[in-house]
Amino acid sequence: MTTQGASTDLFDLSGRVAVVTGAARGIGRSAAVALAAAGADVAGLDIVAEVSPRMEFPAAEPEDLEETGRAVRAHGRSWLSLRADVRDIAALREAAERVVAEWGGIDVVLANAGIQAFKPLLEMDDGDWFDQIDNNLTGTANTLRAFGPHLVARGGGRLIVTSSTQGQHGTKWGAAYSASKWGIIGLMKSAALDLGEYGITVNAVVPGLIDAALTRHEERYAQAIADGGGTPSGEVAKDERTAASALAGKLPLGVPWIEPDDVAPAVVYLASDAARMMSGTALSVTGGDSARVTA
């Protein structure tokens, strides 16, 4: 990756090739579009199918991924749709080869694909634990392992992973998710040590609660209410209002959810030459929840 002299704009990603996993919606879509707006061509990867029967929110569909593609193309950039499961490293390697074959190389990777469900620790079965660990943590490691060699071949680049503020503190009924997202931070720091010699930076973006399918459903509202000592009613609209009030009351900026578009600029920054001396760190966009994090 060029680090100096190519442009007077340190945030200009013209000529770069970016890959985003979990690109069909949420942070993945917003990041893909923001990278395109900064000048990058974007390959968006998503399973666009059910990841786990334990998820209460609906799975992304192929049309969701195509909508991301349309938004990328609206910025005059090239788009490539990739359908793969991040738990399948062979499929990821095949996807990486396809990007290189079509566009000549890869400069930026955002390993963003993730799922979330809630279950008290002592009530979990193996699927409650492994579905989230395998998708979120192992899937992120698979993404770095599959795409990283192409950044080495390119002479450098940017690897960015999506953690969560819930990976920096405990989450009631959320042990699997918090463990997976905390693990991603350790993975990121270790990868930064491994890959610095190749001119590759590795960093994490740490979102707070995002206004997306992952968080906008009854299971998540019930968890937020119970975490505050209340009792969910089981009525979606009522619990949504109660949860929104409780969540907003916890954040210094007074919002219950953060828009995906508020996270995307952090991704662009970490992908850019402006962040060329940043590696092994976590950049938080949490509405102020970070002020409560001590670990």
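Residues numbered from 1 in each chain as written. Predicted model: local features only at pLDDT ≥ 70, side-chain atom pairs only at ≥ 80, totals over all residues. Heavy atoms only, no water.

S.K.: Any chance you could break down the overall build of the chain for me, citing the residues and the numbers?
M.R.: When helices and strands are tallied, the chain shows 8 helices and 7 strands. Rg of the C-alpha trace for the chain: 18 Å, near the compact-globule value of 19 Å for 295 residues, within the 12% margin. With respect to the principal axes defined by its C-alpha atoms, the chain has extents near 55 × 35 × 35 Å. Every one of the 295 residues in the chain was classed for burial, and the buried ones make up 53%. For the chain, restricting intrachain contacts to residue pairs at least 6 apart in sequence, the fraction spanning at least 24 positions comes to 74%. For the chain, the accessible surface area stands at approximately 12200 Å², while carbon and sulfur atoms represent 52% of it. (Helix = DSSP H or I, 4+ residues; strand = E, 2+ residues; numbered from the N terminus. Rg over C-alpha atoms; globule rule 2.2 N^0.38 Å. Buried < 20%, exposed > 50% of the residue type's maximum accessible area, 1.4 Å probe, protein only. Contact = heavy atoms within 4.5 Å. Areas by Shrake-Rupley, 256 points an atom, 1.4 Å probe, with all protein chains shown as cover.)

S.K.: Requested: an account of the confidence of the model for the chain, with residues and values cited.
M.R.: For the chain, mean pLDDT is 92; residues scoring 70 or higher make up 96% of the total. Note that residues 2-7 has pLDDT below 50 and, in this model, 6 contacts with residues that lie over four places away or in other chains. (pLDDT = per-residue confidence, 0-100.)

S.K.: An account of the sheet that holds strand β7 (residues 282-285) is requested, with residue identities and associated values reported.
M.R.: Sheet strands pair by backbone hydrogen bonding; their relative direction is either parallel or antiparallel. Across the sheet, which stays open at both edges, the 7 strands sit in the order β3-β2-β1-β4-β5-β6-β7 with parallel pairing between neighbours. With partners counted over all chains shown, the strands left at the sheet margins are β3 (79-83) and β7, one partner each. Across the sheet, the mean angle from the axis of one strand to that of its neighbour is 20 degrees, orientation sign disregarded. (Pairing = 2+ DSSP bridges. Axes fitted to C-alpha atoms, helices over the stretch in contact; angles between N-to-C directions.)

S.K.: Can you break down the pairing of strand β5 (residues 157-162) residue by residue, with the values?
M.R.: Of all the 6 residues making up β5, 6 are buried; the element is thus mostly covered by neighbouring parts of the structure. Covered by surrounding structure in β5 are Gly157, Leu159 and Val161 together with Arg158, Ile160 and Thr162, the residues of both alternating faces. Sheet topology places strand β4 (residues 108-111) next to β5; 4 bridges connect them, and they run parallel. The partner of Leu110 across the bridge, within β5, is Ile160. On the question of chirality, the crossover connecting β4 to the parallel β5 by way of helix α4 (residues 126-154) is right-handed. (Right-handed = clockwise from strand over helix to strand, strands pointing away.)

S.K.: Could you give an account of the packing of helix α1 (residues 26-37) against helix α8 (residues 260-271), naming the residues involved and the relevant values?
M.R.: Orientation of α1 relative to α8, taken along the N-to-C sense of each, is 50 degrees, at an axis distance of 8 Å. Compared by their axis directions, α1 and α8 come out oblique. The crossing of α1 and α8 is right-handed. Only Pro260, Asp261, Val263, Ala264, Val267, Val268 and Ala271 of α8 make contact with α1, whose side of the interface consists of Gly26, Ile27, Ser30, Ala31, Ala34 and Leu35. Class assignment for the residues of the contact of α1 with α8 results in 10 nonpolar, 2 polar and 1 charged. (Parallel < 35°, antiparallel > 145°, perpendicular 65-115°, else oblique. Left-handed = near helix turned anticlockwise from the far one by under 90°. Nonpolar A, V, L, I, M, F, W, Y, C, P; charged D, E, K, R; others polar.)

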